[in-house]
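Close look at the chain arrangement
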Amino acid sequence: RIRSSGGNGIGLYDEAMGKAAAHYLSLSTDLKYAVQNNELRLHYQPKVEAATGRLVGMEALVRWMHPKRGMISPAEFIPIAEDTGLIVEIGRWVLHEACRQNAAWQRDGLRALRVAVNLSARQFRSTNLLSEIDAAIAQTGLPVNALELEITESMVMDDPDTLIELLNAIRQRGIYLALDDFGTGHSSLSYLKRFPIDCIKIDRAFIKDLPDNLDDVAIVKTIVAMAKALDMSTVAEGVETAEQLALLNTIDCDQIQGFFFSRPLAADDFLAFYRKHN
Ligand code: C2E
Ligand code: MG
Ligand code: MG
Ligand code: MG
């Protein structure tokens, strides 16, 4: 019924598919020039210590300032970048820019904060990631302990042994490692045990219905306890309310990230947030 409702032989369904495909194609064409045309920006979302509210770091989140379409979210263009391989160039830019900005802030006298950068699975597979990390550190002068890299469970299943080797090399440099979106992927606990991870970021899916949903309370409590047993710290993602924060404090979650404290901020706004917060 939906297919024939167009009345001209081309159903709405096909039309919608066609539009989506055209949109995708148009974005992927434009994305090729986004880096060289200087259209990417990093926003920074504060991370705070749950017990004290002290600012401890920030996550760098990329945005695309499209000349015609305005700001495009990474949820929309990162998958395209991954499909087309452009993530390698974009990821390199993100890593360098996050290190450059944080190093500049430290030189301007900001207390040392750790900046977290998201990595895609494709960056592991198709680049010499380790030498790119070394280059970003060397070129910007950022102290290694002021950088954190976020990986996801989806990378884990590809080739765990190679990944573990790389993660060990990253960590030996003094760079921190976090496992992002924890609980939404499918990595087994036996892998988790072998991973040289400093921190687990509990996905917003388990946070959003706290404190009322008792299943989620049990799950989050268990993740925090497990992380502690494995000597890892925990960050709750997507904290939006004081009630969520209170619950997370009672179960000893270490850090909080979410709209309750701040949305991701453009660099200037992050600086203003820092000054107000200190
Ligand atoms: P993520 O790494 O899990 O980042 C957290 C996302 O949750 C961000 O969305 C952030 O704005 C959003 N968020 C934070 N607090 C709250 C909250 O309290 N409520 C709600 N509803 N949302 C909250 P954003 O910036 O749209 O990024 C989406 C995803 O895109 C990221 O998820 C990450 O997977 C990816 N991404 C962003 N920047 C990069 C990048 O530079 N490289 C790569 N590979 N991926 C990136
Ligand atoms: Mg992340
Ligand atoms: Mg996340
Ligand atoms: Mg997430």
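So, here is what we can say about the structure in this document. Keep in mind it's a predicted model, so treat the numbers as computed, not measured.

Every protein donor of the magnesium ion (ligand 3) is listed here as Asp 180 (OD), Asp 181 (OD), Glu 237 (OE) and Glu 237 (OE), and their distances to the metal cover 1.8 to 2.8 Å. Spacing between the donor residues of the magnesium ion (ligand 3) along the chain follows D-D-x55-E. Between the magnesium ion (ligand 3) and the magnesium ion (ligand 2), the interatomic distance is 3.7 Å, and Asp 180 donates to each metal, bridging them. Taken as a pair, Asp 180 in strand 6 (residues 176-182) and Glu 237 in the loop between strand 8 (233-236) and helix 11 (242-250) lie far apart in primary sequence, 57 residues in all. Accessibility classification places Asp 180 together with Glu 237 in one group, the buried group.

Turning next to the coordination of the magnesium ion (ligand 2). All of the protein donors around the magnesium ion (ligand 2) are Glu 59 (OE), Asn 118 (OD1), Glu 150 (OE) and Asp 180 (OD); their distances to the metal are 2.0 to 2.2 Å. Donor residues binding the magnesium ion (ligand 2) come from one chain and are separated in sequence as E-x58-N-x31-E-x29-D. Under the relative-accessibility criterion, Asn 118 is labelled partly exposed at 27%.

The subject of this paragraph is the packing of helix 3 (residues 87-107) against helix 5 (residues 129-140). Contact geometry of helix 3 with helix 5 gives a least axis separation of 9 Å together with a crossing angle of 30°. By the angle between their directions, the pair helix 3 and helix 5 is classed as roughly parallel. The handedness of the crossing between helix 3 and helix 5 comes out as right-handed. Within the contact between the two elements, helix 3 uses Arg 92, Leu 95, His 96, Cys 99, Arg 100, Ala 103 and Arg 107 and helix 5 uses Glu 132, Ile 133, Ala 136, Gln 139 and Thr 140. For the contact of helix 3 with helix 5, the residue count by class is 5 nonpolar, 3 polar and 4 charged.

Bridging between strand 2 (residues 55-66) and strand 4 (residues 114-118) involves 4 bridges; their strand directions are parallel. Residue pairing across strands places Met 58 opposite Val 115, the latter belonging to strand 4. Summarising the sheet, strand 4 and strand 5 (residues 147-152) pair through 4 bridges and their orientation is parallel. Looking across to strand 5, one finds that Val 115 is bridged to Leu 147.

So, about the packing of aromatic side chains. All told, the structure shown has 5 aromatic pairs when counted by the stated rule. In textbook terms, an aromatic cluster arises when at least three aromatic residues are bridged by ring pairs, as seen for Tyr 44, Trp 105 and Phe 270. Residue placement shows Arg 114 over the ring face of Tyr 176; its charged tip is 3.2 Å from the ring centre. For Arg 263, the ring lying beneath its charged end belongs to Phe 259, and the centroid distance is 3.9 Å.

Here we take up the site of ligand 1. Contacts to ligand 1 come from 22 residues, most closely from Arg 63, Asn 118, Asp 180, Glu 240 and Phe 259. Asp 181 places a polar side-chain atom, nitrogen or oxygen, 3.0 Å from an oxygen atom of ligand 1. In isolation ligand 1 exposes 800 Å². Once the protein is present, 81% of that is buried. Of all elements in the fold, only strand 2, helix 2 (74-84) and strand 6 reach the threshold of two or more residues within the shell around ligand 1. Broken down by element, the residue count for the shell around ligand 1 peaks at 4 residues, all from strand 2.

Definitions and cut-offs
- Counting from 1, residues in each chain are numbered in the order their sequence is written.
- Chain letters start at A and ligand numbers start at 1, both assigned in the order the entries are written.
- Two thresholds apply to this predicted model, a pLDDT of at least 70 for residue-level local features and 80 or more for giving and counting side-chain atom pairs, whereas whole-chain, interface and lining totals are computed over all residues.
- Excluding hydrogens and water, the side-chain values take into account all heavy atoms of the structure.
- Donors, by definition, are the N, O and S atoms found within 2.8 Å of a metal, the threshold being 3.2 Å for Na, K and Ca, and water is not counted, so a site can look incomplete.
- Note on conventions: DSSP H or I runs of at least 4 residues are helices, E runs of at least 2 residues are strands, and numbering of each starts at the N terminus.
- With a 1.4 Å probe rolled over the protein chains alone, any residue whose accessible area is under 20% of its type maximum counts as buried; one over 50% counts as exposed, and the rest are partly exposed.
- Axes here mean lines fitted to C-alpha atoms, for a helix over just the part in contact, with angles spanning 0 to 180 degrees between N-to-C directions.
- Working definition: roughly parallel below 35 degrees, roughly antiparallel above 145 degrees, roughly perpendicular at 65 to 115 degrees, and oblique for all remaining angles.
- Each crossing gets its handedness from the near helix: less than a right angle anticlockwise from the far helix is left-handed, clockwise is right-handed.
- Residue contacts are defined here by distance: any two heavy atoms, one from each residue, within 4.5 Å place the two residues in contact.
- When residue character is reported, Ala, Val, Leu, Ile, Met, Phe, Trp, Tyr, Cys and Pro are called nonpolar, Asp, Glu, Lys and Arg charged, and the others, Gly included, polar.
- One bridge is not enough; two strands pair if DSSP finds at least two bridges between them.
- Two rings from Phe, Tyr or Trp (for Trp, the six-membered ring) form a pair when their centres are within 6.5 Å of each other. A pair whose planes differ by under 30 degrees is stacked, one over 60 is edge-to-face, and the rest are tilted.
- Two limits define a charge over a ring: the Lys NZ or Arg CZ must be within 6 Å of the ring centre, and within 35 degrees of the ring normal.
- Proximity criterion: a residue is near a molecule or strand once any of its heavy atoms comes within 4 Å of it.
- The term polar contact refers here to a pair of N or O atoms within 3.5 Å; inside protein, the definition further demands a hydrogen-donor-capable atom paired with an acceptor-capable atom, and it admits residues adjacent in sequence only when both atoms are side-chain atoms.
- We get accessible surface area from the Shrake-Rupley algorithm with a probe of 1.4 Å; when it comes to residues, only the shown protein chains can shield them.

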